[in-house]
Each structure stands twice: as structure tokens, then as C-alpha cells.
Amino acid sequence: MDPAKFSRKLWSARKQLILMLAPLLLLPLLFVVPPKEGKCLYVVLLMAVYWCTEALPLAVTAMLPVCLFPTMGILPSKKVCPQYFLETNFLFLSGLVMASAIEEWGLHRRIALRVLKIVGVKPAWLILGMMITSSFLSMWLSNTATTAMMLPIANAILESLFGNLETLKENCKHRSDPEGDSQVKMHVLPCEKQMLTTENNRPDWTDRSERKTLDKVRREAEYQMKVWKGFLICIPYAASIGGTATLTGTAPNLILVGQLKSYFPECDLINFGSWFVFAFPLMLLFLILGWIWIAFLYGGLNTRLCISKHDEREAAEAKARAVIDEDYKKLGPIKFAEGSIAFFFIIFAILLFTRDPKFVTGWSVFFTKGYVSDAVTGVIIISILFFFPSQRPSLLWWFDSRASNAPYVPLLSWRKAQECVPWNIILLLGGGFAMAKGCEESGLAVWIGNHLQPLAQVPPAVAVILITAFIACFTEFASNTATIIIFLPVIAELAIRVKVNPLYFMIPATIGCSYAFMLPVSTPPNSIAFASGHLMVKDMVKTGFVMNILGILCVSLAMNTWGIHMFNLHIYPDWARPLNDSSATVATHTIAAMNMTG
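Residues numbered from 1 in each chain as written. Predicted model: local features only at pLDDT ≥ 70, side-chain atom pairs only at ≥ 80, totals over all residues. Heavy atoms only, no water.

What about the nonpolar core?
Phase 1 of the analysis: Formed by 164 residues in total, the largest nonpolar core has its most connected members in M130, F264, F505 and I507.
Phase 2 of the analysis: Here the element with the most residues in this core is helix α17 (residues 272-297); it accounts for 14 residues.
Phase 3 of the analysis: Filtering out sequence-adjacent residues up to four positions away, F505 remains in contact with P460, A463, V464, I467, I491, L494, A495, V498 and V500. (Core = buried A, V, L, I, M, F, W, Y, C linked by side-chain atoms within 4.5 Å. Buried < 20%, exposed > 50% of the residue type's maximum accessible area, 1.4 Å probe, protein only. Helix = DSSP H or I, 4+ residues; strand = E, 2+ residues; numbered from the N terminus. Contact = heavy atoms within 4.5 Å.)

Considering the packing of aromatic side chains
In this description, a pair of aromatic rings is defined by centroid distance and the angle of the planes.
Phase 1 of the analysis: Under the counting rule described, the total for this entry stands at 27 aromatic pairs.
Phase 2 of the analysis: Between F264 and W575, the ring centres sit 5.2 Å apart and the planes meet at 70 degrees, which makes this aromatic pair edge-to-face. Residue F264 is located in the loop between α16 (251-263) and α17, and its partner W575 is located in the loop between α30 (562-567) and α31 (577-597); the two are separated by 311 residues in the primary sequence.
Phase 3 of the analysis: A residue is classified by how much of its surface remains accessible, and F264, at 0% relative accessible area, is buried. (Phe/Tyr/Trp six-rings, centres within 6.5 Å; stacked < 30°, edge-to-face > 60°.)

Some words on the packing of helix α25 (residues 460-474) against helix α27 (residues 502-512)
Phase 1 of the analysis: In contact at an axis separation of 8 Å, α25 and α27 are set at 25 degrees when each is read in the N-to-C sense. Considered as vectors, α25 and α27 are oriented roughly parallel to each other. Both α25 and α27 take part in a crossing whose hand is right-handed. Of α27, the residues touching α25 (which contributes P460, A461, A463, V464, I467, T468, I471 and A472) are Y504, F505, P508, A509 and G512. (Axes fitted to C-alpha atoms, helices over the stretch in contact; angles between N-to-C directions. Parallel < 35°, antiparallel > 145°, perpendicular 65-115°, else oblique. Left-handed = near helix turned anticlockwise from the far one by under 90°.)

A word on the state of the cysteines
Phase 1 of the analysis: Summed over the entire model, instances satisfying the criterion amount to 0 disulfides.
Phase 2 of the analysis: C439 takes part in no disulfide bond, and the closest cysteine sulfur, belonging to C40, lies 4.2 Å away. (Disulfide = S-S within 2.5 Å.)

Topic: a nonpolar patch on the surface
Phase 1 of the analysis: A cluster of nonpolar side chains, contributed by M20, L21, L24, L25 and L27, occupies part of the molecular surface with about 520 Å² of accessible area.
Phase 2 of the analysis: Of note, L25 is situated in helix α2 (residues 14-25).
Phase 3 of the analysis: When its relative accessible area of 66% is taken as the criterion, L25 is described as exposed. (Patch = residues over 30% accessible without salt bridge, like charges linked within 9 Å, V, L, I, M, F, W, Y side chains within 5 Å. Areas by Shrake-Rupley, 256 points an atom, 1.4 Å probe, with all protein chains shown as cover. Salt bridge = Lys/Arg side-chain N within 4 Å of Asp/Glu carboxyl O.)

Things to note about the confidence of the model for the chain
Phase 1 of the analysis: Predicted confidence across the chain gives a mean pLDDT of 79, with 81% of residues reaching 70 or more.
Phase 2 of the analysis: Confidence drops under pLDDT 50 across residues 175-202; counting only partners more than four residues distant or on other chains, this segment forms 37 contacts.
Phase 3 of the analysis: Note that pLDDT drops below 50 for residues 579-598; the model gives that stretch 7 contacts with residues more than four away or on any other chain. (pLDDT = per-residue confidence, 0-100.)

A short note on empty space enclosed by the protein
Which parts of space are left empty comes out when a probe the size of a water molecule is rolled across the atoms.
Phase 1 of the analysis: This model, assessed by the stated rule, comprises 2 cavities of 30 Å³ or more.
Phase 2 of the analysis: The computed volume of the largest cavity comes to approximately 50 Å³.
Phase 3 of the analysis: As for the largest cavity, its lining consists of I102, L107, I111, F136, L137, W140, L141 and F345.
Phase 4 of the analysis: Looking at the lining of the largest cavity, its residues break down into 8 nonpolar, no polar and no charged. (1 Å grid on protein atoms, 1.4 Å probe; cavity = no way out; pocket = protein on both sides within 12 Å on 5 of 7 lines; lining within 4 Å. Points joined across faces, edges and corners; volume = space filled by probe spheres on them. Nonpolar A, V, L, I, M, F, W, Y, C, P; charged D, E, K, R; others polar.)

Thoughts on the side chain of N548
Phase 1 of the analysis: Inspection of the secondary structure puts N548 in helix α29 (residues 537-559).
Phase 2 of the analysis: Not counting the four nearest positions on each side in its chain, N548 is found in contact with E476, Y515, F517 and M518.

Notes on the environment of S100
Phase 1 of the analysis: Here S100 lies in helix α8 (residues 87-104).
Phase 2 of the analysis: The class for S100 is buried, based on a relative accessible area of 2%.
Phase 3 of the analysis: On a C-alpha basis, the gap between S100 and W140 in space is 10.0 Å, while along the polypeptide they are 40 residues apart.
Phase 4 of the analysis: Not counting chain neighbours up to four residues away, the residues in contact with S100 comprise L412, K416 and C420.

Details of α8
Phase 1 of the analysis: Compared with the 26 Å implied by 1.5 Å per residue over 18 residues, the 26 Å span of α8 between its first and last C-alpha is a close match.
Phase 2 of the analysis: Burial analysis of α8 places 14 of its 18 residues in the buried class, which makes it a mostly covered element.
Phase 3 of the analysis: G106, located one to two residues past α8, shows a positive phi value of around 70 degrees. (Expected span 1.5 Å × (residues − 1).)

Description of the layout of surface pockets
Phase 1 of the analysis: Of the volumes computed, that of the largest pocket is approximately 870 Å³.
Phase 2 of the analysis: If you go around the largest pocket, you meet 41 residues; those closest to its centre are T144, I425, N480, T481 and P524.
Phase 3 of the analysis: Elements supplying a minimum of two residues to the lining of the largest pocket: α4 (35-53), α8, α11 (143-162), α16, α23 (423-442), α26 (480-497) and α28 (524-530).
Phase 4 of the analysis: Take the lining of the largest pocket: its biggest share by element is 6 residues, from α8.
Phase 5 of the analysis: When grouped by side-chain class, the residues that make up the lining of the largest pocket number 21 nonpolar, 17 polar and 3 charged.

What about the packing of α4 against helix α6 (residues 64-71)?
Phase 1 of the analysis: Packing of α4 against α6 leaves a shortest axis separation of 10 Å and a crossing angle of 160 degrees. With respect to each other, α4 and α6 are oriented roughly antiparallel. Pair α4 / α6 crosses with right-handed handedness. Along its contact with α4, which presents C40, V43, L46, M47 and Y50, the element α6 presents L64, P65, L68 and F69.
Phase 2 of the analysis: Tallied by class, residues from the contact of α4 with α6 come to 9 nonpolar, no polar and no charged.

Points about α6
Phase 1 of the analysis: Within α6 the residues assigned to the buried category are L64, P65 and F69. The arc that holds every buried residue of α6, seen down its axis, measures 90 degrees, which confines them to one face.
Phase 2 of the analysis: Its buried side turned inward, α6 meets α4, α5 (58-62), α7 (77-80) and α23.
Phase 3 of the analysis: Once α6 ends, the next one or two residues include G73, with phi positive near 75 degrees. (Arc of directions from axis to C-beta.)

Okay, structure coming up:
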């Protein structure tokens, strides 16, 4: 068989081959590693391979612990299954339901257009407005939904600013040489197009003037094309950055909380409020630096971007402003449903933030200690959405015999929630918690920690940079949720081994999982932007490489400044000691008992 054809057949059957070969190739682990740890490592690596290659759907791979842990003697079923619906999952579910209600009534679109009206239509400021809006929305909506909603708005504005994209691309290809001049199609500037159709016996000075005009048009088209790319690329990046600011913004944040409760039950430092206080300034810092880099790379932070000039751009900018104003007017006045959703959304955020923010006393003190969590708060608010009316209620309805008797429509129906909530992510979270429980119970985490002892020589501040960089690179090729599920137990054990506060390593790893900017396949938002057909892989690599470096430096700065004071990262906490000292404690008690017996 022709090698090229055979390789194509292999590629088309790659998922089936991975499904069959991965379990076989990993079998030696069962004989090299100690029995129970080896079995758990076998399952963990098998899931890692399936997650990274997507040989199985991510949610199906996440359910493998339900069948493999009990049958291989790693963990009984009664301990595995509850991991799939911990309170962390309910907090995430409440965030997803709230997001679906916001999307149902179009509140997110009103917020987006309002921000764009405020920032104006200069390209740099529009890029900033796009990034601010995308990051804010992705704090509450999914990153994917935010990107899918913002890209059409961006395209409409860009078309009003620069005209037809295909014409823009065509003008970028030509040069000011005579052969190129004969091919240019001037759809944007009709007066110059007319100059091209004059007779061929023009004087030399006319040819030179024409070439200068064409060269100017080409340079302008290249500039506009760069700005267009900047618009498209800033939206998915800002969505990924914004998701790190809240616990419900992205799945890895909640996986951190769930695994902390599994490994360190006494650790209560991370909740919605404390995470927001730490992560929101970090998000703002990274967003500003990212905006400066993107605006510089795709057009330049100069007078042509930021300061009004009396030239041909003013008409285009006025048209773009008119497009934004027109779209906003089409929304009409704020409806009762929109106002209600906005009210419950604000209450949702305030209650989560003030439950137990750590730096002040929260409202949870009015209840029995340890009984009320963020999940309770979230479920209370979203439950109201399913019966609160979407139309303004009126007492006159009861006395008006001619009024319609149609049943009222609530703010959110269960059918809508079923359609909008990505239930597979709930299973993915559960799979991560089940894997973490298996690593803990089987002793695999301790076994891995024993082999990480050489890393104790690395200064903790350097280790933070290395961990964030490694995770950010790995998540370019794998799901961020799968990445943090795989590595968080290892990172926690590393922190214990080197006697460093586990949060000092685990928080940067969690945030670094969201910093996947270099490839279209890194995140769904990147894929959506790339699918528009106007970006090339080299555009994302060039922009994303510097974005990754900026993100790593921002995380390191945050951890070593306000993070240290917020979470007491400079001390090795008591809540982390039991896991590290348990074996030594048992050994001490055994020796003491033997001495007493002797």
C-alpha cells in the first residue's frame, strides 16, 4: 500500500487505535509501581491520554473512575460516586443557570453595547472596550458563550469602519509596481478608481502620482487588516482572562476548591469572596497589559489610534458609532425581565462575595457555623428565577374580566436551562474530584511526592514561575479542565514535600490553566475566533507567546505581593500538616507503645 494512503488511514482511525493501544501500553505500570499506587496511576494516565487526545468524549472519560476504581480495588463505589455531585458542582451549576437566564433575556448584549458606546470608536479604545466587556461577561457566562456573542458585534463595527473585508484583503496583496497596479480593485475609494481608468498615454508624473496613491491605499489596507485581526484576537483572550476572576468563571477554579476540600478539609481560605479579592486585581492588571500589547501589535498605540484626526477616518468612525447606537436603540427600553435578571444577578454576586470574605465578618455568622456555603447561596437565587414572573405583575388583572388568562412566563424555564447548561462540564468536574480522591486514598499522591524531593532545592518563588509556565504550555494542547485535574494532586504533594504553603503552588497552577493563547485548539474561544477565517495560526502564536509571558509574570507578582498577605503564604499552615506528618505520627506512637510495653 502507498505509504501516504496508509498514513491517511492511520490518521482517520487514530482515536480507535488510541482507545485500544493506550490500556495495553500502560500495563507495565501495574508491575513496576507498588500495587495500589500502580493501579491508581494506571487509571490516571489512561484518563490523561483519553482527555488529551479526546479519543473518548471528555465527559465519558470523566466517568471511568466509577467503573475502574471499584473493579481494580482502588476505591469502593460508595466513595467514588458522591464525588460527582459535591457542593462545588452545585455552585458551578448555579453560575451556569444564572448565565442561561442572562442570555435568555439579552442582558449581556445590552451591557456589551453600552460599554462600546462609552469607550468610543477609535480602534484602540474599541479594542479596550471589547476586552473589558468580554472579560466582565466571562466572569459570569462561559468563555465560549461570551466569545460567540461578542464576535458578531465586532464584525459589524469593523465593516462599518473599514468596509468589505474581502476587498480589504485584496488591496493588501498588491504592490506599487506597474504589474500590481493594473490588478488593484479600488472598491473603497471611487475617486481613485476613476484615475485608474484614464487613458494609457498619461504623463510620467501622473504614473508616479498614481503609484504613490496605490501604495498609500495598500498601506492603509494593511493597517486596517491588522486592526481587524486585533479585534478578533482580543475577544477570546479577554474571555479567558476574565474567567479567572470569579470561582464560577471557569471550571479549573472550582476544581481547586473541590480538591482543597478533599486533600485539606481544614483549609477554608478559598471561597467566592476571597478568590475575587485576590483574582480580580490580577485580572485587571493582565487585561491592561494585554490590551497594550494587542493594540501595539495590531496598529500601534499612537495618534492614529487614540487621538481624533481630521481625515478620511472620521466618516468611517461616525458610521461605526451610528451602527452601535442603532443596535442599542433596537434593544428598546429596559424590559421588566431584563431589570429583574439584572437585580437577581447583582444580589447573586453580592451574597456570594459577602458570605465569608475573610477580611471582614460575613453574613454566614447568622447561621450555624459550617452549614451555609456558596453552593447554598447560589441555589437559593437560581431557584427564584424559575418562578419569578417575566412580566410586571398587576393587581388590576384580578379585577379585569377581559384580561388574558394565559399562564405567566417565569424568568427561566427548566427546558431553557436543560438546553443551555453544559452538563458534560458537571461530569468533568466530578471526574476530577473522583480522580483526586483515588490519588489520596491509594497513596499515589504520597508516592509521587517522594519522587519530587529533588525539586526541594528550587526556591519557591522560582517554582511558582516554573509551575505556571509548565501548566500554561501543557494546556495549549489539552483541555484546561483536564490539565488541572491531572496536575493539581501532584502540585499539592510537591508543596507538602518542600514544606511550602500548598496554596502558593496550587493557585498559580489553577490560573495558569486559563492562559492558553497560542493555538486555535487551546480553548473553545480561540477556536471560534479562528473559525472566522480571518486569523492565521502565526497570528495567534505571535500574539499568544507574549500574552503567556505577561500572564506568568502577572501571576508571580500577584502571588508574591497581595497574595502572600491574603492567604498567609509565607507560613506552612497547620491545615497542611496532617497529610505530611501522619506517617511520622503513627511511627512515633508505635515506638512509644513498644517502649511502654518493654
